[in-house]
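Chain and residue survey
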Amino acid sequence: MLLVGLSSWWGYHKLKQQQQRHNAIEHLNADVLNLHTVTLDLLHDSYHAEFSSEQWEEVYGALSRTIDESPLQSQITYPLLQQALQKIGQRFKVYAQTVNDCDHGSEHDLALSGTCEALLGRLNTQLRLSVQNLLSEGSKIERRITAETQRQNLTDSVLFLSLPVLMLLFLIALVLPIVKNLGVGFSRMLEASERFAHGELGFRLPVDSDDEMGQLAATYNNMAQRREDAEKNLRQANLVVENSPAVLFRWKAGGSDNLPVDYVSNNVSQFGYSAQQLLSAEVPYTSIIHPDDRLRVFREMGELSRSGEDYLLQEYRIVSPDGRVFRIDDHTTVERDSSGAIIYFQGIVIDNSANKLGKEALRESELRYRELVENMSDGVAVYAVIDGGRDFILRELNRAGERIFGKARDQVIGRRVSEVFPSMQRMGLLDVFRRVFTTGQSEQYSAYVYQDQRISLSIENFILMLPGGEIVAIFNDITEQKKLENELVKLAQAVEQSPEGIVITNLNAEIEYVNEAFIANT
């Protein structure tokens, strides 16, 4: 009986340890999945100017505490799990800082915008891959624990079956009923262990007693339930990937011209192909790349291999079986062996067709706008507000503006208005700029006379503010019109003050005007 008690206690202790480790991996997987979901949401929000890292940092902190307090530290892959988490934190800080820097950059600096877009795309991908790597490391620990559990269950089953045999040899006459019950219990445990080893996680043992066997059955059932829940969580994580626009690829390296596919997520179906077609090489991956892009894709991947770099962003086209063309972004990283040789290429392929077409339409719209502005007869100037509205910097000036002011664009662009056109302050135009900047209401500023050492002009202005806060002035040189108006006034005064009577009639001999002298003489 003592041997039975010791063996039962030992088996129960082992099952308890397994249960604790499964609890820990379940908690860890839940936190990693939560971080993965929050990260995807956050990266999506950063493209819509709604970037906020508070929730991410809270989830990251919770996961960090879970790893630090986990009973899984004896696992070989545990340091890799910690390193993966640290890399996520480091990459997130870089990503957040880059978003902040780009948000405060000038909207008119197209070169900077292009750099930010490429850099954020790269950091976005690196952060996604780091989170995916963390999921992978968690899965490795989980598989190791499962394997250890299976081996332990088989060992326990053998041990439990051996003990009754020993007891039967010594006390067969006294403990036959007990041995019979234990035999049933151990048979059930053996059956449960075999089913568990073959993936039948839904199988449960009947708990029909309160003794050690009943407790073992209950413990097994609890462990199996938690394992089933962990599998469910993993399926949910995969479901997130499968329902995202990002298709995951893993290609074998080694010089093949067909890029053999080692893994591809099922959502590759959005391009018209099944995962099985690509995995079996029924459809080689290179065959779905647009023929005009194929050589360039191979050349760039060859340059990546020779450069020693680990990341490559490619833009090319994929052709579906029905002839549809997808413009995709391929974020590729390399996996190396211990010698540093590339053994796999891992890629995240995203359909960016709508975005690229939208950008092309936007560029065409911007070109039409610039052509329209450049060919206007009125001058157009765009000013950036500085020093809270105390001064303004000239950002844009069209050809008509150059002609009216008598200065080339490269002489004035990027300079303060107070330096380039000092008379604007004295003539009151800068006060109009400040009112429009403060109120947001457009203003017409007529009969404005600009005069400095070079020129004297009569200018009519219409001032408005763009959504980005820039001030736009649309102006017209009416100097000649004012001169003509002055000449007409002088002529009218001369006619009115003439001592001779003057009468003006139309073609029908109807009087339209008479001066004072005419009235006095008649």
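Here the structure is shown first, and the text comes after it.
In this report, we go over the structure that sits alongside the text.

Here we take up the overall build of the protein. Tallying secondary structure elements over the protein gives 17 helices and 12 strands in all. Across the 522 residues that make up the protein, the buried fraction comes to 39%. The contacts of the protein with a sequence gap of at least 6 include a subset with a gap of at least 24, amounting to 53%. With an accessible surface of roughly 29200 Å², the protein has 53% of that area assigned to carbon and sulfur atoms.

All right, on to the environment of R296 then. Within the element layout of this structure, R296 appears in helix α9 (residues 291–307). It is 9.5 Å that separates the C-alpha atoms of R296 and Q314, two residues lying 18 residues apart in sequence. With sequence-adjacent residues up to four places away left out, R296 is seen in contact with Q314, E315 and Y316. Here E315 takes part through its backbone oxygen, which lies 2.7 Å from a polar atom of the side chain of R296.

This part covers the sheet that holds strand β3 (residues 311–319). Ordered in space as β2-β1-β5-β4-β3, the 5 strands form an open sheet in which the pairing is antiparallel. Here the strands that pair on one side only, and so sit at the sheet edges, are β2 (261–264) and β3. Pairs of neighbouring strands in the sheet enclose a mean axial angle of 25°, with direction left out of account. Where strand β1 (residues 246–252) and strand β5 (residues 342–351) come together, 7 bridges link them in antiparallel fashion. Bridged to L248 within β5 is I348. Against the sheet, α9 touches β3, β4 (325–336) and β5, its axis set at about 165° to β3.

Let's shift gears to the environment of S265. Turning to its location among the elements, S265 is positioned in the loop between β2 and α7 (275–279). Looking at S265, the relative accessible area reads 0%, which means it is buried. Sequence separation between S265 and A275 is 10 residues; the distance between their C-alpha atoms is 6.7 Å. A distance of 3.0 Å separates a polar atom in the side chain of S265 from the backbone nitrogen of L248. In terms of polar contacts, S265 uses its side chain to reach the side chain of N267, at 2.5 Å.

Before going further, it helps to spend a moment on the side chain of S320. With respect to the helices and strands, the residue S320 is situated in the loop between β3 and β4. Using a relative accessible area of 4% as the deciding quantity, one classes S320 as buried. Polar contacts involving the side chain of S320 include one to the side chain of D322, which spans 2.3 Å. In contact with S320, other than residues within four places in its own chain, are F271, Y273 and F326.

Grouped together as the largest cluster of nonpolar side chains are 27 residues, with contacts concentrated most on F249, F271, Y285 and V349. In terms of nonpolar packing, the next biggest core, distinct from the first, is built from 22 residues, A381, F405, V420 and L429 among them.

The next subject is the environment of Y316. Mapping Y316 onto the fold places it in strand β3. For Y316, the residues in contact, after removing those within four places along its chain, are Y285, I289, D293, R296, V297, F326, R327, I328 and D330. A distance of 2.7 Å separates the side chain of Y316 from the side chain of Y285, its partner in a polar contact. A polar contact is formed between the side chain of Y316 and the side chain of D330, at a distance of 2.8 Å.

Tallied over the full model, the rule gives 14 salt bridges. As a salt-bridge pair, R250 and E335 come within 2.7 Å of each other at their nearest N and O atoms. Here E335 lies in strand β4 and R250 lies in strand β1, a separation of 85 residues in the sequence. A relative accessible area of 24% places E335 in the partly exposed class. Put simply, R409 and E402 hold a salt bridge, and the shortest N to O gap is 3.6 Å. It is possible to trace a salt-bridge network through shared partners that takes in D293, R296, E300 and R317.

Quick look at helix α2 (residues 54–68) now. Helix length check: α2 (15 residues) gives 21 Å between terminal C-alpha atoms against 21 Å at 1.5 Å per residue, within 8%. Taken residue by residue, α2 has W56, V59, Y60, G61, L63, T66 and I67 as its buried positions.

With 5 of 7 residues buried, β1 lies mostly within the body of the structure. Pairing of β1 with β2 involves 3 bridges; the strand directions are antiparallel. Counted as the bridge partner of R250 is Y263 from β2.

Our next topic: the packing of aromatic side chains. Following the criterion strictly, the structure yields 8 aromatic pairs and no others. A centroid spacing of 5.0 Å and a plane angle of 45° characterise the contact between F405 and F475, whose relative ring orientation is tilted. Here F475 lies in strand β10 (residues 471–477) and F405 lies in helix α11 (residues 399–405), a separation of 70 residues in the sequence. Using a relative accessible area of 4% as the deciding quantity, one classes F405 as buried. What links up through ring pairs into an aromatic cluster is the set F249, W251 and Y285. R250 extends its terminal NZ or CZ atom over the ring of Y344, reaching a point 3.7 Å from the ring centre.

How each quantity is defined
Residues numbered from 1 in each chain as written. Predicted model: local features only at pLDDT ≥ 70, side-chain atom pairs only at ≥ 80, totals over all residues. Heavy atoms only, no water. Helix = DSSP H or I, 4+ residues; strand = E, 2+ residues; numbered from the N terminus. Buried < 20%, exposed > 50% of the residue type's maximum accessible area, 1.4 Å probe, protein only. Contact = heavy atoms within 4.5 Å. Areas by Shrake-Rupley, 256 points an atom, 1.4 Å probe, with all protein chains shown as cover. Polar contact = N/O pair within 3.5 Å; in protein donor to acceptor, adjacent residues only side chain to side chain. Pairing = 2+ DSSP bridges. Axes fitted to C-alpha atoms, helices over the stretch in contact; angles between N-to-C directions. Core = buried A, V, L, I, M, F, W, Y, C linked by side-chain atoms within 4.5 Å. Salt bridge = Lys/Arg side-chain N within 4 Å of Asp/Glu carboxyl O. Expected span 1.5 Å × (residues − 1). Phe/Tyr/Trp six-rings, centres within 6.5 Å; stacked < 30°, edge-to-face > 60°. Lys NZ or Arg CZ within 6 Å of the ring centre and 35° of its normal.

Purely geometric numbers; function is a separate question.
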